[in-house]
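Given next are the chains, with one letter for each unit.
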There are 2 protein chains.
Amino acid sequence: MTVLGPAAPRQLPYVAPLPLSAVRFDPASLLGSWQELNAAATIPHCLDNIRRTGVLENFSRLTEADPPGKFEGFWFADSDLYKTIEAIGWEMGRSGTGQWAEVLAEVADLLERVQEPDGYLNSNIQGTEGKERFGHLEQSHELYCAGHLLQAAVALHRGGGDTRILAIARRVADLIVNALGDELPLIDGHPEVETALVELYRETGDESYLRAAELQVERRGHQTFTGGFGPPYYQDHLPVREAVEATGHSVRQLYLAAGVTDLYLENGDESLLKAMEQLWDSAFGSKMYLTGGHGSRHRDEAYGDAYELPPDRAYAETCASIAALQWCWRMLLATGQARYAEEMERSLFNAIAASMASSGTAFFYSNPLQLRTGHDGSSEDAPSERLPWYDCACCPPNLARLLASLHGYAATSDASGLQLHLLSAGTFTADALTAVVESGYPWDGDVLVTVSGQGELAIRVPAWATGATLTVTGATVLVEPEPGAYLRVSCEDGATVRLSLPLTPRLIRADERVDAVRGCVAIARGPLVYCIEQADLPDGVLVEQLRLAASVPITEERVPDDLTPVRLRLSAIARPLETDLYAAYQPDLPAGTPITVTAIPYHAWANRGPGAMRVWLPLS
Amino acid sequence: MTVLGPAAPRQLPYVAPLPLSAVRFDPASLLGSWQELNAAATIPHCLDNIRRTGVLENFSRLTEADPPGKFEGFWFADSDLYKTIEAIGWEMGRSGTGQWAEVLAEVADLLERVQEPDGYLNSNIQGTEGKERFGHLEQSHELYCAGHLLQAAVALHRGGGDTRILAIARRVADLIVNALGDELPLIDGHPEVETALVELYRETGDESYLRAAELQVERRGHQTFTGGFGPPYYQDHLPVREAVEATGHSVRQLYLAAGVTDLYLENGDESLLKAMEQLWDSAFGSKMYLTGGHGSRHRDEAYGDAYELPPDRAYAETCASIAALQWCWRMLLATGQARYAEEMERSLFNAIAASMASSGTAFFYSNPLQLRTGHDGSSEDAPSERLPWYDCACCPPNLARLLASLHGYAATSDASGLQLHLLSAGTFTADALTAVVESGYPWDGDVLVTVSGQGELAIRVPAWATGATLTVTGATVLVEPEPGAYLRVSCEDGATVRLSLPLTPRLIRADERVDAVRGCVAIARGPLVYCIEQADLPDGVLVEQLRLAASVPITEERVPDDLTPVRLRLSAIARPLETDLYAAYQPDLPAGTPITVTAIPYHAWANRGPGAMRVWLPLS
């Protein structure tokens, strides 16, 4: 049975996604292990917390003639449920599990009973006295919640064969289509429904949903929203073809961009793609953290100015990195360019991976690149450790739906053959050929591909992989491996392709306009950014005292079967702490004491209790 | 006639403020010129805007049986009025002006008519259906607004001989005293009333106000406020004797600290002073900007972690620097220590002065130390230029009340004689002696004091003034000038004291834990921090391209009668802009092109249109 994955374009401008059913990550691979953890721990944890925080009760109370109690949680809490059942849909498609049939039936029952005859469905608006439907779209998140229902319905239909929730979602979508026919500038303060409507069009073939998505995109940017946050917060300051600087609330910006790109993938309007390419350059070229985090401001959860990228107050919301990955995937489908896959990998292995504890049941919402000694972690927006849940719980179920569908983002096909974008052990099948990948990536750099069938195989060579080498048998090399591009080989049945990526630890610097990390370097190995945690330092030495010499060798320490199987060891200097906040400039500072320090992958930080951490390390 | 100034302690633990009537700044001095500008432009501008934004109408509508319209503005808008009439009170004491008699009578009429029989007075609570007095003190600002009324009444009584507004304020204070007798943990989310109650006690001698202030202070820190911001935001997380790290909303923190210190100044409770000294070390030793700005986070307008001091996203609210100055003044009265006066001068000449345009009618609310090329200045919290007014208009009238009473913060006396803390041309009279100061400070470093009468004269030598020299006639030097301490001379009638402060431009560095300015220096001359603005750079060179050599000489350029009479000239390098946000580390970067640049005093920035600016400049 063919199971389509997230974003399944009908028009396919450049490369086509593989069906989920044509991809399987090796469960022992890092990406595969995250999917297993997601199924075993994160999805059940989300379901527990959705029930605990009253999200289901928000619906069930409305099935009574005189609803008891009141709506609980944030006004967009419906979306927590929708994202969780979307995760279940993808997970059913991945593993064939039927373990959540009962809860899905419960949800379908509730939604059917609460949905109004004309299709309206929103437990906050319906369950709160005085609230009027579509009366305050600037903040109400009604289309946002509807969009997540649509996406859940698409996932459940693709992955689980569901038709009940799809029918509910179509009634919601039909109502939106009708409402959008009005003269009202009916758009939502939080973009999300755009990509959902396109996906529902793809799943049903009903073109009214595509037209509704078009209207959402075209109506945006005309300063409909004049409230306290100001139009840029909502990306409502300029029409999408002119709004080419990443601006405002970062998750909204990135969901909108994914929706616009989805629209391009169906209507082929080149002016949309051009704007998205410019916007992408702004976001990924001047406003992205080294870890693939987006959004440098806690205030308004917003993008800052270009190069305003403080590691300590990085907001870098988990949802923003997920949205960025979803957008990059669509840009990749539209263009086939390696840079989009490169950034998917960056965010996946760093910002996104860091958001989840090794248990799969605790999460970061913001993903800073530095935690200071003495950090006040009492606020939910900047805790010192991952929390089991959040009052605003958008991130955990977003992570669940991404991980359950992650194999859908790994590879594509076109007329000539198969393209591998995310390197992982697993099996990837296009029409004409199947690639079985064996690799310990990202811990090891050797990627061995065995091909059955025949055709062209393209493998992305990461931009950092200078010196990558290739050996093939039964295949002809069309394009040699070059960093940041695809190697291409023409394969006979039984061909083997061995790509060896050099994983030598390396130092990275930032454009000097990133003032916040001036004079610092970061350590990386392959796609993984590393960090230094207080837990690995000797007593009496603070993370803040460390200075690196750029010329110092970095050695690897293997710790098999550990959360951090490859650690890095290097020499550093521990400088004495200073006493004056400001002092007369003097060129020579005390040298400090040599020590040896251990760096661990950033994504594994904060799994050993709270403590200081740095990604960017000052040079001595 | 003796006119007392702001903060007139009855117990006087260490040094006593001079009455306002015993001090006059030379109007040609920098501080004196700001006072003249304030009287001529800022106070009238505040009055115009208070009327324009409906602050007076909020009261006048309540004089009608069926109030028309609705309350306008933020719920604490009453305080805009109170701070403005406080400024008028001090200005009347300073200059003897009677020009605002009519508006004061109008205000007194309104307040008398709106005040309820039991003394309650708050145009938001009284003028908004469904709001209950003292029902939501976490956010309502009722005691905050009351505090500003009390402070206005004290200023109008001291400076203008007013008794009507004092009577209104006493009725408000009496109601608070009675309400505070309840079992309720009645404190305000925004500290302010503490210092106001102490000042009203000082002005009236009514000890019930002092006890009410004591209750406010003692009740704080018991986690009364559990709302969305969390207790630290309100400094309600720990009792004041334990809350020794500067935390939460910075203006609230600093007003509270001023109030606690005021309480110490009256009740002599050493445990309060000890806590304030620890808190002061936290705030001024690890959380203060070089300009004397406080509060590094836009989110929650809050102090960040220690050393979290980004120049670009500095919030550094004008009100916070004003509150910091008011707190330092009280610490100075309590201890006589130079460091408190040093920090008053820092904030006054830099953060506070920068908040006002040269016109006196436009203002910064936040005071960043860096504005990037391409900065999005569309948000009121981070505009590229000073704005004429703000929706949340706390800062402009706060500045007006500070400037009108500024001479009250300049000098003190004790049994032995006179102490000069803020260096400025002017006349300063203690019981036994008068000092006439002639100086072009801070543009020039010579301070010539001519003494009539006899006694001890102490002059603060700023901490940066290494190499200051002293010549006296008719006086005996008791303590030679040392940076960061008071020189002391015993004067005969007619003595002259000439202190020469070296104003050689100097480079400043920050503690390396201030990551955000690593590898940078700031330029200062005397008490003034300098900056480089885009307006002074040649075409085609961006502020972001500049690199300094620490060894380069800095020369002075005199521009008499200009907003910036002393500019600094120095050589720099303009580095080419980079193209990659992140790249492999390489030790050698392109050298760049030598250019000569001009630095101007930070406080004068953004008077030539919007443009990039930096205080902290990278070394090459």
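Worth saying up front: this structure is predicted, and the values here are computed from it rather than measured. (Residues numbered from 1 in each chain as written. Chains lettered and ligands numbered in written order. Predicted model: local features only at pLDDT ≥ 70, side-chain atom pairs only at ≥ 80, totals over all residues. Heavy atoms only, no water.)

Comments concerning the overall build of chain A
The number of helices and strands found in chain A is 15 helices and 21 strands. Here the C-alpha radius of gyration of chain A, 24 Å, is about what a compact globule of 620 residues would show, namely 25 Å. Dimensions along the principal axes, computed over C-alpha positions, put chain A at roughly 75 × 65 × 45 Å. Here chain A holds 620 residues, and the buried ones make up 65% of them. Residue pairs in contact within chain A that sit at least 24 positions apart in sequence constitute 68% of those at least 6 positions apart. Only carbon and sulfur atoms are counted for the fraction: they give 50% of the accessible area of chain A, which is about 20400 Å². Once the 47 positive and 81 negative side-chain charges of chain A are each reduced to a mean point, those two points are 3 Å apart. (Helix = DSSP H or I, 4+ residues; strand = E, 2+ residues; numbered from the N terminus. Rg over C-alpha atoms; globule rule 2.2 N^0.38 Å. Buried < 20%, exposed > 50% of the residue type's maximum accessible area, 1.4 Å probe, protein only. Contact = heavy atoms within 4.5 Å. Areas by Shrake-Rupley, 256 points an atom, 1.4 Å probe, with all protein chains shown as cover. Lys, Arg positive; Asp, Glu negative; His and termini not counted. Charge placed at Lys NZ, Arg CZ, Asp CG, Glu CD.)

Points about unusual backbone geometry
In the segment running from Tyr 441 of chain A into Pro 442 of chain A, the intervening peptide bond is cis, with an omega of 5°. Mapped onto the secondary structure, Pro 442 of chain A falls in the loop between β7 (433-439) and β8 (446-453). Residue Gln 235 of chain B is not a glycine yet carries a positive backbone phi of 55°. On the secondary structure map, Gln 235 of chain B appears in the loop between α10 (207-219) and α11 (250-267). Positive phi, close to 70°, is recorded for Tyr 307 of chain B, a residue that is not glycine. Here Tyr 307 of chain B shows up in the loop between α12 (270-286) and α13 (318-335). By relative accessible area, Tyr 307 of chain B is classed as buried at 15%.

A word on the side chain of Thr 42 of chain B
Following the sequence through the fold, Thr 42 of chain B ends up in helix α1 (residues 30-52). Once you skip the residues sitting within four places of it in the chain, Thr 42 of chain B turns out to touch Leu 37, Met 356, Gly 360, Phe 363 and Ala 400 of chain B.

Brief notes about the pattern of salt bridges
Residue and element names in this part refer to chain A. By the definition in use, this model includes 87 salt bridges over all chains. Of the charged contacts, one joins Glu 116 and Arg 133 as a salt bridge, the two residues approaching to 2.7 Å between their closest N and O atoms. Here Glu 116 is found in the loop between α4 (101-114) and α5 (123-126), whereas its partner Arg 133 is found in the loop between α5 and α6 (137-140), with 17 residues between them in sequence. For Glu 116, a relative accessible area of 30% gives the class partly exposed. (Salt bridge = Lys/Arg side-chain N within 4 Å of Asp/Glu carboxyl O.)

Quick word on the relation of the copies chain A and chain B
Overlay of chain A on chain B (RMSD 0.0 Å): rotation 180°, translation along the axis 0.0 Å. Between the two chains, the operation in question is that of a two-fold axis. Residue by residue, 100% of the interface of chain A is reproduced at the interface of chain B, so both copies engage with the same surface. (Least-squares fit on C-alpha atoms with pLDDT ≥ 70 in both.)

Describing the interface of chain A and chain B
Of the residues lining the interface, 60 residues belong to chain A; the matching set on chain B comes to 60 residues. In total, chain A and chain B occlude about 4900 Å² of area from one another, counting both sides; carbon and sulfur atoms represent 49% of this. Broken down residue by residue, the surface that chain A buries against chain B is led by Arg 509, Leu 581 and Tyr 582 of chain A, which jointly contribute 17%. Joining chain A to chain B, the criterion identifies 14 salt bridges. Note that Arg 372 of chain B and Asp 515 of chain A form a salt bridge whose closest N and O atoms lie 3.2 Å from each other. Linking chain A with chain B are 34 residue pairs in polar contact (both at pLDDT 80 or more). Contributing elements (two or more residues each) for the side of chain A that touches chain B: α12 (270-286), β12 (506-510), β13 (520-525), β18 (582-584) and β21 (616-618) of chain A. For the side of chain A that touches chain B, the per-class residue count stands at 27 nonpolar, ten polar and 23 charged. By the bridge criterion, three bridges tie β12 of chain A to strand β18 (residues 582-584) of chain B in an arrangement that is antiparallel. Among the inter-strand pairings, Ala 510 of chain A is bridged to a residue of β18 of chain B, identified as Tyr 582 of chain B. (Buried area = accessible area lost by both parts, 1.4 Å probe. Polar contact = N/O pair within 3.5 Å; in protein donor to acceptor, adjacent residues only side chain to side chain. Nonpolar A, V, L, I, M, F, W, Y, C, P; charged D, E, K, R; others polar. Pairing = 2+ DSSP bridges.)

Things to note about the domain arrangement of chain A
All names here are of chain A. Domain boundaries assigned for chain A yield domain 1 (16-371 + 379-409), domain 2 (411-500) and domain 3 (506-618). Each of domain 2 and domain 3 has a C-alpha centre, and these two points are 35 Å apart. On the domain 3 side, the residues contacting the five residues of domain 2 number twelve residues. Approximately 670 Å² of surface area, both sides summed, lies buried where domain 2 meets domain 3, with 67% of it carried by carbon and sulfur atoms. If you look at where domain 2 meets domain 3, you find one salt bridge. Put simply, Asp 444 and Arg 558 hold a salt bridge, and the shortest N to O gap is 3.0 Å. (Domains from an automatic or database assignment.)

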